[in-house]
Amino acid sequence: MAATVHSFIKLLLDFYYYLLNKVFVFPSLEKLWVIDLRTFRPYSISINHNAVQATEFRKISPLGITASPQDHIAKGLTLLDPGFRNTAVGESRITHIDGNRGLLQYRQYSISYLVTHHDYEDVVHLLVWGHLPTLDEKLNFRSRVAKQMVPDQSIIRVIQAFSPDAPAYLIVAAGLTAWAASDPDSVPVYRGYSIYEKDSNAVDEGIYRSLAAFATVVAIMACHQQGKPFTPHADPTLSTIENMLIMMGRPHDRQAASALNKLWILFADHEITNSTAAFLNATSCLSDPISACVASVASGNGPLHGGAIDLAYKRFKQMRNKEGVRKHMADVKAKKTRLMGVGHRVYRTIDPRIPHLHSIMADLETNVSQNPLLDVVLEIDRTVAEDPYFTSRKLSINADLYSSFAYAALGFDPRIFTPLAMTARCAGALAHWRESMNQPPCLWRPRQVFTGEVAS
Ligand code: CMC
């Protein structure tokens, strides 16, 4: 009986919506009409860029109906979205991804254009300051970062206190923490007031410092892992990548510098993804950017995000050959484990970074083809493209599947793959930070829906 009444009401409402559409709603009217069936009250909510303001739903408040106190009826309707599957946390002009068409652009430039015609420094400048740099701007940027690439001894000591085999991201997080602590005047609460809010000079200084800190900490760690002495190197005429490679004991490694320039362009930003969100969550409280980098490292090392690069490579080693891939696939399809380097929250077709990764690998052909794990990764790629488990879920390989190969072909230790990717991504997080610091402060503080017992 209840179902029949419900169907009848739904039919009436469908007719009502139809009339509303015909009579009142014109295509130019960007409005959402919502009827709360608990009260039959209609609400109108504005649509802008195909998005609605979540706070608008607060006006949907069915006062008078019986509800549990934890439902906060008086506060209006809450949007429940675990994992931010369909919630935008802000507006941005930095990066655009079209997951259905497999497109990625930074500002107004496609990733293909940038990777073909520009280097990583140009792209960092583009992301952060909104335009490709002139020669003067590029040289200025380069020397401002290099000026900061001089670590305090305490940072080196902190990194060297770890076992070289300790998880690399934790060493990076500790090194960055030591960096922030060695420069306490960059920490707002320590200094006694807000430093970065609406102060673009302070923000820019924070950006140079964070880029320098990340690359230097990773270089100190790389030396420590390989048992090499660390010597700082901050030549203001060289790029961050070149200075970092020299500090890692790889002077004049043109092949690595050229490949890293391309690789890091591909990873420099990816919208407000998980680790960038962690960074912005910290800076929404007006924290300093290096502390926020620590938050992004904590988030980015997880297996579902940046840690996938590391874990994918470990799994390739465990699989060893095509037979190993077949066995692993059986476990994946039985949902015993996930296939690392496959799937993406946004891409429902090819990840646009993959063709460029292939081209980087082609440039490193000799080293890549010598890697016995190549057969493993190619078999994974083939299976994912053909097997209905993946095709029916629109799961494709993602950039993390191949980036480990590029890093391995460049002779990097697998322990450092994810920290290198994080160093590249730091630029994107900083660009979003600069964008947010030009807006009024807005603390990120998600709501929750409480489903437990309320104390009487
Ligand atoms: N292996 C096996 N099954 C998968 C995988 C995978 N890698 N990814 C998703 N699925 C399945 C999942 O089990 C679910 O199946 P069902 O519909 O039967 O329940 C379906 O596909 C949808 O999965 P989801 O968890 O709702 O999708 P998501 O958007 O939350 O997950 C993801 C995105 C990246 C966390 C996930 O694809 C994954 O775990 N991938 C492996 C880790 C990885 O490579 N991460 C790097 C991502 S790229 C870097 C970045 O930008 O973050």
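It should be noted that the structure appears before, not after, this text.
Residues numbered from 1 in each chain as written. Predicted model: local features only at pLDDT ≥ 70, side-chain atom pairs only at ≥ 80, totals over all residues. Heavy atoms only, no water.

Q: Lay out the site of the ligand with the relevant residues and their values.
A: Surrounding the ligand, one finds 21 residues, the nearest of these being His305, Lys335, Leu339, Arg345 and Tyr389. Within the contact set of the ligand, an oxygen atom lies 2.9 Å away from a backbone nitrogen or oxygen of Gly341. One of the side-chain N or O atoms of Arg393 is found 3.0 Å from an oxygen atom in the ligand. Relative to its unbound accessible surface of 930 Å², the ligand loses 79% to contact with the protein. Its residues assigned to classes, the shell around the ligand shows nine nonpolar, six polar and six charged. (Near = heavy atom within 4 Å. Polar contact = N/O pair within 3.5 Å; in protein donor to acceptor, adjacent residues only side chain to side chain. Areas by Shrake-Rupley, 256 points an atom, 1.4 Å probe, with all protein chains shown as cover. Nonpolar A, V, L, I, M, F, W, Y, C, P; charged D, E, K, R; others polar.)

Q: Account for the sheet that holds strand β3 (residues 51–52), naming residues and giving values.
A: Within the open sheet, the three strands sit side by side as β1-β2-β3. Their pairing is antiparallel. What marks the edges here is a single partner per strand, and that holds for β1 (31–36) and β3. As judged from the two bridges shared by strand β2 (residues 41–48) and β3, these two strands associate in the antiparallel manner. Of the residues in β3, the one forming a bridge with Asn48 is Ala51. (Pairing = 2+ DSSP bridges. Helix = DSSP H or I, 4+ residues; strand = E, 2+ residues; numbered from the N terminus.)

Q: So, empty space enclosed by the protein: which residues are in play, and what are the values?
A: To find the voids left in a structure, one rolls a probe of water-molecule size over its atoms. A complete count under the given rule lists four cavities of 30 Å³ or more for this structure. When residues of the lining of the largest cavity are traced back to their parent elements, those giving at least two are α3 (120–129), α8 (200–225), α9 (240–247) and α10 (254–267). Broken down by element, the residue count for the lining of the largest cavity peaks at three residues, all from α3. Counted by class, the lining of the largest cavity contains seven nonpolar, four polar and one charged residues. (1 Å grid on protein atoms, 1.4 Å probe; cavity = no way out; pocket = protein on both sides within 12 Å on 5 of 7 lines; lining within 4 Å. Points joined across faces, edges and corners; volume = space filled by probe spheres on them.)

Q: Give me the pairing of β1: which residues, what numbers.
A: When a strand is regular, its side chains alternate between the sheet's two faces. When β1 meets β2, the two strands line up antiparallel, connected through six bridges. By the bridge assignment, Asp36 is partnered in β2 with Arg41. Counted between consecutive antiparallel strands, the loop separating β1 from β2 contains four residues, among which Phe40 sits at a positive phi close to 65 degrees.

Q: Which residues make up a positive patch on the surface, and what values do they have?
A: There is a patch of like positive charges on the surface, built from Arg85, Lys335, Arg338, Arg345, Arg348, Arg393 and Lys394. Judged by its relative accessible area of 59%, Arg338 is exposed. (Patch = residues over 30% accessible without salt bridge, like charges linked within 9 Å, V, L, I, M, F, W, Y side chains within 5 Å. Salt bridge = Lys/Arg side-chain N within 4 Å of Asp/Glu carboxyl O. Lys, Arg positive; Asp, Glu negative; His and termini not counted. Charge placed at Lys NZ, Arg CZ, Asp CG, Glu CD. Buried < 20%, exposed > 50% of the residue type's maximum accessible area, 1.4 Å probe, protein only.)

Q: Which residues make up unusual backbone geometry, and what values go with them?
A: Even without glycine at this site, His252 takes up a positive phi of about 60 degrees. Position of His252 among the secondary structure elements: in the loop between α9 and α10. In this model, Arg320 sits at a positive phi of 70 degrees, which is unusual for a non-glycine residue. With respect to the helices, strands and loops of the structure, Arg320 is situated in the loop between α13 (307–319) and α14 (322–333). You can call Arg320 exposed: its relative accessible area is 64%.

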